[in-house]
Amino acid sequence: MFLMDLLAIGANLVSSHYAEISVNDNIDEFISCAGKHFLVEEAVANAVIAWFMLLFAKSEAFYCIFDREIHSVVIKAAILIQNWYRSTMARIEMRRRYSLSIFRSIEYADEQDQLQLSQFFSFMLDHCTNPDSVSPISTTPSDPRAVDECLRITEFEEKIDVPDSYYGPRLSFPLTAEDANALIHAFRNKQLLHPHYVLQLLCETRRVLKLMPNITSLSTSYSKDITICGDLHGNLDDLLLIFYKNGLPSEQNRYVFNGDYVDRGKNSMEILILLFAFFLIYPNNISLNRGNHEDYMMNMRYGFTREVSSKYKLKSLLRLPKSMRGRQDLKEGISNQNDFGKAHYDSDSSSVSTEPSGSILPLGPTEEEWKQILDILWSDPRSQNGCTPNKCRGAGCYFGPDVTAKIFNRYNLKILIRSHEFKREGYDISHGGKVITIFSASNYYEEGSNRGAYVKLDPELIPRFVQFQSSKYTRRLNIQERVGTIESSALKSLRELIYAHRSELIRAFAQYDPRGTGNISVHDWAAVMESVLHLELPWRMLRPQLAHTNPDGEVQFMSCFYDLEMDPPIKEFQNQAQPALVETLCRYRKDLEIIFNIIDKDNSGLISVEEFSQTWKLFTSHLGIDAQHDSFDKLVLSIDNNKDGQIDFNEFLEAFHIVHRVEEKANS
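Calculation notes
Residues numbered from 1 in each chain as written. Predicted model: local features only at pLDDT ≥ 70, side-chain atom pairs only at ≥ 80, totals over all residues. Heavy atoms only, no water. pLDDT = per-residue confidence, 0-100. Contact = heavy atoms within 4.5 Å. Phe/Tyr/Trp six-rings, centres within 6.5 Å; stacked < 30°, edge-to-face > 60°. Helix = DSSP H or I, 4+ residues; strand = E, 2+ residues; numbered from the N terminus. Buried < 20%, exposed > 50% of the residue type's maximum accessible area, 1.4 Å probe, protein only. Lys NZ or Arg CZ within 6 Å of the ring centre and 35° of its normal. Pairing = 2+ DSSP bridges. Core = buried A, V, L, I, M, F, W, Y, C linked by side-chain atoms within 4.5 Å. 1 Å grid on protein atoms, 1.4 Å probe; cavity = no way out; pocket = protein on both sides within 12 Å on 5 of 7 lines; lining within 4 Å. Points joined across faces, edges and corners; volume = space filled by probe spheres on them. Nonpolar A, V, L, I, M, F, W, Y, C, P; charged D, E, K, R; others polar. Salt bridge = Lys/Arg side-chain N within 4 Å of Asp/Glu carboxyl O.

Trainee: Looking at this structure, how should I read the confidence of the model for the protein chain?
Mentor: In low-pLDDT regions, the fine details of the predicted coordinates are not to be read closely. Mean pLDDT over the protein chain: 75, with 65% of residues reaching 70 or higher. In this model residues 61-66 is a low-confidence stretch, pLDDT under 50, and it forms nine contacts with partners more than four residues away in sequence or in other chains. Note on residues 337-363: pLDDT is under 50 here. Beyond four places in sequence and across chains, it has 58 contacts.

And the structure:
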């Protein structure tokens, strides 16, 4: 299609303008037209060059006029087209890379905040929830509280009637492959599984998980190959596409899922239901590992808790998955000969200690054991030797090729397949082919931002990668439009973060502007942005997208905030709240949502003004924030429109939403 369109443009130019314009102008105009409408592969560009040669050789008019110059013209055409193509693709690749760097830096900074506040959130759970409820981090299979919890949910499930008007799947246990197919069909058609069956499915899955060892083993000697999938993050389209391309799980088609099924996407619950259903049907042929997002706190921050609440509005559904997370595997051993046992990673000595598979764990993990679990769930490989703290994520470590080689030699391992790290192509091979990262969530940051992938292991444990991208829209866009969408979304997120730190940035800018001109050098501007935001981004490259310069080349630092403002609902409260308070609330919106979910015991979406004010004071005290408590109290009271002492927390969060003026003008 591209070639035919380019040929048509070239033919029109050559045939209609050779009498009026020179060949040089003709070629320049051709390239200009092509550049405006198409981005083509280099092979296509070369084909166009060959076509020009053929055209010039056969055209009597051109042959007569430019017989002596034809070779130099063709060479110039080749150089112009190739230079245009290469420079354009280089600019596009640069924009793509810094856009993904923005997304990744913001994601890691957010994870750092989450982990730094984990102690505070644990304190909130201990003191603000029902003491009889199941602890999200200490329940074990033999804990009687977990058994009682499941019994209570089972009794509750029996009281939920399935009305005759419900046309979705009706499950009966034990499940069959037909039940799983019915679920797939229903979810494709945007249907929800009735909560009666959801509770049944979760309780049955928990019962089976309790019977299995924490670390399981598979062998390729019993099947043709094994498929390993990485992060899905609530993207149901990716899971369905994997099943379409690779086949449904069965005794002959074995799967390992490496965790991170939930959060971020809109269909985490549907993914869990499908995976649990197939797990119950083929418990020996599908393995479900635990990722760092199979965590109660992470779910409250990144969307799964909100999704369950909005779809089912049953607190029981929030409690049961929470009690199941501790039963998911941390590691999966795949062998073509002998199984290997349970491995605990020791971050202090960079060593591994083993114990036989299926051994009984103690009733409650110690603090040191939880540090090891954090290392397993949060660590990433890197190209440099050694083992150092993972400062980007705020937990786990970076391990180098020497650490991998040491462990592989000690335990006779061949390959490590891990997940939980974004990869643009869906997979990555490092440490001399010994470590594979598999990431199955396509379009993770934005539509078109990345491919997903899964890996298949044959009986010789030789990996074969399959890439995919589930997209309904980007197929219609050319590469410039796709990258433009990614870049726009990344810059939007970055500008919101900049606005949330507005006061800090202005104070830092002022230190480099003693005369109060409002202008500072690009070097100083970049230094301030990094010192306040700590994102390790190429600020000089991003400057044209974020701030204006004066004729002398200095940055007008207040222009960073020109295109941002608070959502209209907050404007009526700004007389009662100082700007610093508003920015603080914007910055900690996600943390406040976690606190609210902890306090909101009945899942009503409402919270008392007094409870929320007291919690806010406790939160700011923990962080050492100099907050204006009187202003906050007035602000909360003003949001209580009907003066019943309750505030709708979703409305409260919306009041601190940042609006991009450019988008607002475009939409008006």
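Trainee: Where do I start with the packing of aromatic side chains in this structure?
Mentor: Two aromatic rings, taken as a pair, are described by how far apart their centres are and by the angle between their planes. On inspection of all chains with the given rule, the structure shows 14 aromatic pairs. With 4.7 Å between their ring centres and 45° between their planes, phenylalanine 422 and tyrosine 445 make a pair best called tilted. Placement of phenylalanine 422 in the loop between strand E11 (416-418) and strand E12 (427-430) and of tyrosine 445 in the loop between strand E13 (435-438) and strand E14 (452-457) is noted, with a sequence separation of 23 residues between them. A relative accessible area of 14% means that tyrosine 445 is categorised as buried. Aromatic pair phenylalanine 439 and tyrosine 444: ring centres 5.1 Å apart, planes at 85°, arrangement edge-to-face. Aromatic rings pair up to connect Phe103, Phe422, Phe439, Tyr444 and Tyr445 into one cluster. Directly above the aromatic system of phenylalanine 561 lies the positively charged group of arginine 502, at a separation of 5.2 Å from the ring centroid.

Trainee: Just checking my understanding: could you explain the pairing of E13 for this structure?
Mentor: On a regular strand, each side chain points to the face opposite its neighbour's, so the side chains alternate between the two faces of the sheet. Neither face of E13 is open: one carries Val435 and Thr437, the other Ile436 and Ile438, and all of them are buried. The pairing of E12 with E13 spans four bridges and is classified as antiparallel. Within E13, the residue paired with isoleucine 429 across the bridge is isoleucine 436. Connecting the antiparallel pair E12 and E13 is a turn made up of four residues, with histidine 431 showing a positive phi of about 55°.

Trainee: Is there a simple way to think about the nonpolar core in this case?
Mentor: For soluble globular proteins, nonpolar side chains are generally found buried alongside one another. Within the largest apolar cluster, 46 residues are counted, with the highest numbers of intra-cluster contacts made by Leu193, Phe257 and Ile273. In contact with leucine 193, not counting residues within four places along its chain, are Tyr166, Pro169, Leu171, Leu183, Phe187, Val198, Ile273 and Tyr312. Grouped together as the second largest cluster of nonpolar side chains are 35 residues, Ala508, Ala526, Leu537 and Trp539 included.

Trainee: Would you take a moment to explain the sheet that holds strand E16 (residues 519-520) for this structure?
Mentor: Either a parallel or an antiparallel arrangement is found when strands of a sheet pair, and the pairing is made through backbone hydrogen bonds. The strand order E16-E18-E17 describes an open sheet built from three strands, whose pairing is antiparallel. Edge strands, defined here as strands with exactly one partner in the open sheet, are E16 and strand E17 (548-549). Where E16 meets strand E18 (residues 555-556), two bridges bridge the pair, whose relative direction is antiparallel. Residue pairing for E18: asparagine 519 is matched across the bridge by glutamine 556.

Trainee: What is the right way to read empty space enclosed by the protein from this model?
Mentor: Using a probe with the size of a water molecule, rolled over the atoms, empty space left in the structure can be pinpointed. One pass over the structure, following the stated rule, counts six cavities of 30 Å³ or more. Counted as a void, the second largest cavity has a volume near 90 Å³. Together, 16 residues line the second largest cavity, and Glu107, Glu111, Arg393, His420 and Tyr444 are the ones closest to its centre. The class makeup of the residues in the lining of the second largest cavity is five nonpolar, four polar and seven charged.

Trainee: Would you mind going over the pattern of salt bridges with me for this structure?
Mentor: Side-chain pairs of opposite charge can arise whenever the charged atoms involved come near each other. All chains considered together, the criterion is met by 18 salt bridges. The residue glutamate 421 makes a salt bridge to arginine 418 at a minimum N-O spacing of 2.6 Å. Taken as a pair, glutamate 421 and arginine 418 share a single burial class, namely buried. Aspartate 428 is the salt-bridge partner of lysine 423, the closest N and O atoms lying 4.0 Å from each other. By relative accessible area, aspartate 428 is classed as partly exposed at 28%. By sharing partners, the salt bridges in this structure join Glu111, Asp380, Arg393, Arg418, Glu421, Lys423 and Asp428 into a single network.

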